[in-house]
Amino acid sequence: MDKSSALDYINQMFPTEASLSGVEPLMQKIHGEIRRVDAGILAAVRQQSNSGTKAKEDLAAATRAVEELMYKIREIKSKAEQSETMVQEICRDIKKLDFAKKHITTTITALHRLTMLVSAVEQLQVMASKRQYKEAAAQLEAVNQLCSHFEAYKDIPKITELREKFKNIRQILKSHVFSDFSSLGTGKETEESNLLQQLADACLVVDALEPSVREELVKNFCSRELTSYRQIFEGAELAKLDKTERRYAWIKRRLRTNEEIWKIFPPSWHVPYLLCIQFCKLTRTQIVEILDNLKEKPDVGTLLLALQRTLEFEEELADKFGAGTRSKEAGNDFEDTGETNNQAISDIRKKYEKKLAAHQGSESKEKDGQKDLLVPGAGFNFRGIISSCFEPHMVVYVELEEKTLMENLEKLVQEETWDIEEGTQTNILSSSMQVFLIIRRSLKRCSALTKNQTLLNLFKVFQRVLKAYATKLFTRLPKGGTGIVAAATGMDGQIKTSDRDERLICYIINTAEYCHKTSGELAENVSKIIDPQLVDAVDMSEVQDEFSAVITKALVTLVHGLETKFDAEMAAMTRIPWATLESVGDQSAYINSINTILTSSIPVLGRLLSPIYFQFFLDKLASSLGPRFYLNIFKCKQISETGAQQMLLDTQAIKTILLDIPPLGRQTSGASNYSKFVSREMSKAEALLKVILSPIDSVADTYRALLPEGTPSEFQRILELKGLKRADQQSILDDFDKRGPEISQPPPAPPVLLAVPTAPPAPTIVNPSSAGVIASREDVLTRAAALGRGAATTGFKRFLALTEAAKDRKDGPFRKLFNP
């Protein structure tokens, strides 16, 4: 404790003068504690001193013990060296004796083996001369083993002589065996009963010889067996494509009749397997030559029949020898034992379809893995070894398929009723399903024959067939009027559609959609079965584009057909005396006619069309009817204020009718976007009518505000609709042209009354003139809103009453109309 802390401690112990009486006892207690601590320290120091002395003594003792141990180790090592030298001196003579014994034993063994080798070679020579193949085979094994012991003694003359003699004996055995096997198949095996057994023993000798001997023997045997085949089928009579089946019958008959005789060959030789490989290679060469030498295109029936039999034969070989993993979908699909070579092509095709339908559920059989291991070169695939040579000549088959498909397409289109039976859920034409049915059948036929370039060529045929069907659908759409008569009657380009025509268009749309989807699935199926190298060429995008174009054209035709139905109503609208109407009443008769047309057509269209195409149809209809109604207003001769009010009421009615179309067609998806679209299109007609309702002195500014995209010619036509004379129009037009460049882009327009959609962006009028000009864009819109409100209440009489009452007021929207 530092001084300050000690003082604090003392003051704490003795805070008052009276407490100082306890100082003496405390001091005695402290001194006693100091003495005890000093005594403990002294004892510890003495103990530590004694321990250090003892540690030094122990260390010295350990050092002495280590030195003694090192001395004893050196002494033991020296004695061990002396003992080893003594043992080596004792065993030196024993080692010499052991080496001598080993050399003597090796020499005796080598001499004994040499004696055995000499004797075995002599015996083998006798066996070879007597054709004792069974004994010679065993003796060959023994001689081979004995010769292996003398590999290190090749330079010794005696060994060299024996090896040369053994080589000559093997050559003699080989010549004898080849000579005896040359008689196999000549009929001697039936005359000499022991010939087969002798040849079986000869096979043992061949196995004991080099592997090349066996390969050469089997090759010679296969070539000799195929000599007669080569001679038979290279002749003019059988060297024909229609005789292909007889080739396979020949080899199968050969394998069957010689099965017992060929049992002389060991199973490990796989003679039938190698014979079939040679047969297939030779047959492919001959068929290629036949096909190349044809002066004309091969007959399709003959070509397909030959390819069919070839595929069947390859499948049989693959099953027999277990080489290959391809599915057996084409295995027995074309079997027909009673078919003649002169059978008609149509009958062959019918047979293919029947067999394919019967076996369409067949699956590939898994081969036994152990069987594959027994076959040398088990990776050899018989499938395609012969049939692939037909590939370059399959063009005639593809041409026939295309011709047949096109004929069937024409027949289906001719038989098509272009109507749907009641209760049908798909609402697509039956011809489309039939087209894809015949295409699938054609695909099955071709995939059973080949999955290479021919299948790709057939896929291109499918593309052309589907494009042709798309063209058929396109031509069935109703067409617009053309020619001099149509032009004279005003029907040029117009499309008249009945209720049946509208249903037909819907059926065509649904059919094209079905074809678009199914053609994509067809491309996926072909991609799964075609050769992987050709997958990238399988594409149906062009065909799908064709059907998409049909859908688009059909929807546009549907809209144009419905528009044509409105022609009479649009004409009736222009014939109404808008300039002489006395009052504003209910909606006009032509509006009721438009409503009748839509209520009769829309439910049917909504039921037949899918939601996405029905929505597209509605958008096209709104984008067509809105601008058409707008332009039809300009076709009227003259429009009074009462007529403009009535027409504004009709515009609201048309917009309401259009907004009610989605529920009428039982379609709700996209209704909000459609409503905005309709409101935007119809707002232009409402804006035009409000411009017509505006006073003469403010019509130019109102036109600029409500129709900023309007042209001077339209503005002049508006003045004509208002009934102004040429002289009165000129001053307004001059002012309009003069102020036109002063229009700038406006802010968004405020909403107007009467549930009218927000007006299109209108320009802000800059630097207004003093007389007869509206001071701001807000004043123009306020006036237009007041005009609209008047049209929607009690008609023109109420409008006049309001305007008369507004003359005595100093404010209000109607006051601004006439006293800006």
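No experiment lies behind these values; they were computed from the predicted model shown.

**Here we look at the overall build of the protein**
Point 1. Along the protein, the regular secondary structure elements total 30 helices and two strands.
Point 2. For the protein, with 820 residues in total, the buried portion stands at 40%.
Point 3. Sequence separation of 24 or more characterises 78% of the internal contacts of the protein that already satisfy a separation of 6 or more.
Point 4. Here the protein displays about 45300 Å² of accessible surface, and carbon together with sulfur accounts for 54% of that area.

**A word on the confidence of the model for the protein**
Point 1. In the predicted model, the protein carries a mean pLDDT of 75, and the fraction of residues at 70 or more is 78%.
Point 2. Segment residues 482-492 is flagged for pLDDT under 50; beyond a separation of four residues in sequence, or across chains, it makes eight contacts in the model.
Point 3. In the model, residues 741-776 has pLDDT below 50 throughout and makes 77 contacts with residues more than four positions away in sequence or in other chains.

**A short note on the packing of aromatic side chains**
Point 1. What the rule picks out here adds up to 13 aromatic pairs.
Point 2. Measuring from ring centre to ring centre gives 4.9 Å for Tyr229 and Phe233, while their planes differ by 45°; the resulting arrangement is tilted. Taken together, the residues span about one helical turn, with Tyr229 and Phe233 both in helix H7 (residues 211-233) at a distance of four residues. Per residue, the accessibility class of Tyr229 equals that of Phe233, and both read buried.
Point 3. Between Tyr630 and Phe634, the ring centres sit 5.5 Å apart and the planes meet at 75°, which makes this aromatic pair edge-to-face. Linking Tyr630 with Phe634, this pair stays in helix H21 (residues 611-635), spanning four residues, or about one helical turn. We note that Tyr630, like Phe634, is buried.
Point 4. Members of the aromatic cluster, connected to one another through ring pairs, are Tyr229, Phe233, Tyr248, Trp250, Phe279 and Phe313.

**Comments concerning the packing of helix H2 (residues 23-130) against helix H3 (residues 133-148)**
The axes of two packed helices give the description: the angle between them and the distance between them.
Point 1. With their axes 9 Å apart at the nearest point, H2 and H3 run at an angle of 150° to one another. Classed by the angle they form, the pair H2 and H3 counts as roughly antiparallel. The two elements H2 and H3 cross, and the hand of that crossing is left-handed. Across from Arg113, Met116, Leu117, Ala120, Val121, Gln123, Leu124 and Met127 in H2, the residues of H3 making contact are Glu135, Ala136, Gln139, Leu140, Val143, Leu146 and Cys147.
Point 2. In terms of residue class, the contact of H2 with H3 is made up of 11 nonpolar, two polar and two charged.

**A short note on helix H19 (residues 567-575)**
Point 1. For H19, the set of buried residues is Asp567, Glu569, Met570 and Met573.
Point 2. Those residues of H19 that are buried are in contact with helix H18 (541-565), helix H20 (589-608), H21 and helix H22 (641-659).

**Some details on a nonpolar patch on the surface**
Point 1. A surface patch of nonpolar side chains, amounting to about 390 Å² of accessible area, comprises Leu7, Tyr9, Ile10 and Met13.
Point 2. Within the fold, Leu7 resides in helix H1 (residues 3-13).

**What about the packing of helix H4 (residues 157-181) against helix H6 (residues 195-208)?**
Point 1. Close contact between H4 and H6 brings their axes to 10 Å; oriented N to C, the two are set at 145°. Crossing of H4 over H6 shows left-handed handedness. Contacts between H4 and H6 involve Leu173, Val177, Asp180 and Phe181 from the former and Gln198, Leu199, Ala202, Cys203, Val205 and Val206 from the latter.
Point 2. Partitioned by chemical class, the residues of the contact of H4 with H6 number eight nonpolar, one polar and one charged.

**Things to note about the side chain of Ser447**
Point 1. Positionally, Ser447 belongs in helix H14 (residues 430-449).
Point 2. A polar contact of 3.1 Å, which involves the side chain of Ser447, links it to the backbone oxygen of Lys444.

**Some thoughts on the side chain of Thr557**
Point 1. When you line up the elements, Thr557 lands in helix H18.
Point 2. Judged by its relative accessible area of 0%, Thr557 falls in the buried class.
Point 3. When sequence neighbours within four positions are dropped, the list of residues in contact with Thr557 reads Leu477, Pro478, Ile495 and Ile505.

**Here's the deal with the environment of Asn168**
Point 1. Relative to the helices and strands, Asn168 is located in helix H4.
Point 2. Of the residues examined, Asn168 reaches a relative accessible area of 41% and is grouped as partly exposed.
Point 3. Each C-alpha atom, one on Asn168 and one on Gln125, is 9.2 Å from the other, the two residues being 43 residues apart in sequence.

**Structural notes on helix H25 (residues 699-706)**
Note that an α-helix has 3.6 residues per turn; residues three or four places apart therefore point the same way.
Point 1. Counted residue by residue, H25 has eight buried out of eight residues, so it is predominantly covered.
Point 2. Every buried residue of H25 is listed here: Val699, Ala700, Asp701, Thr702, Tyr703, Arg704, Ala705 and Leu706.

**Describing the nonpolar core**
Point 1. Among the nonpolar cores identified, the biggest contains 188 residues, and Phe181, Phe265, Leu598, Phe617 and Ile633 are the most heavily contacted of them.
Point 2. Those residues in contact with Phe617 that lie beyond four places of it in its chain are Leu555, Leu558, Val559, Leu562, Ile602 and Leu605.

**With respect to the pattern of salt bridges**
Point 1. Under the definition given, this model contains 16 salt bridges.
Point 2. Its salt-bridge partner being Arg36, residue Glu33 comes within 2.2 Å of it at the nearest N-O pair. Of the two residues, Glu33 and Arg36 both sit in helix H2, three residues apart, roughly one turn of that helix.
Point 3. A salt bridge links Arg628 to Asp567, with the shortest nitrogen-to-oxygen separation between them at 2.1 Å. With a gap of 61 residues between them, Arg628 in helix H21 and Asp567 in helix H19 connect regions that are remote in the sequence.
Point 4. On the accessibility criterion, Arg628 (22% relative accessible area) is partly exposed.
Point 5. Shared partners join several salt bridges into a network, and the residues in it are Glu245, Arg309 and Glu312.

Rules of the game
Residues numbered from 1 in each chain as written. Predicted model: local features only at pLDDT ≥ 70, side-chain atom pairs only at ≥ 80, totals over all residues. Heavy atoms only, no water. Helix = DSSP H or I, 4+ residues; strand = E, 2+ residues; numbered from the N terminus. Buried < 20%, exposed > 50% of the residue type's maximum accessible area, 1.4 Å probe, protein only. Contact = heavy atoms within 4.5 Å. Areas by Shrake-Rupley, 256 points an atom, 1.4 Å probe, with all protein chains shown as cover. pLDDT = per-residue confidence, 0-100. Phe/Tyr/Trp six-rings, centres within 6.5 Å; stacked < 30°, edge-to-face > 60°. Axes fitted to C-alpha atoms, helices over the stretch in contact; angles between N-to-C directions. Parallel < 35°, antiparallel > 145°, perpendicular 65-115°, else oblique. Left-handed = near helix turned anticlockwise from the far one by under 90°. Nonpolar A, V, L, I, M, F, W, Y, C, P; charged D, E, K, R; others polar. Patch = residues over 30% accessible without salt bridge, like charges linked within 9 Å, V, L, I, M, F, W, Y side chains within 5 Å. Salt bridge = Lys/Arg side-chain N within 4 Å of Asp/Glu carboxyl O. Polar contact = N/O pair within 3.5 Å; in protein donor to acceptor, adjacent residues only side chain to side chain. Core = buried A, V, L, I, M, F, W, Y, C linked by side-chain atoms within 4.5 Å.

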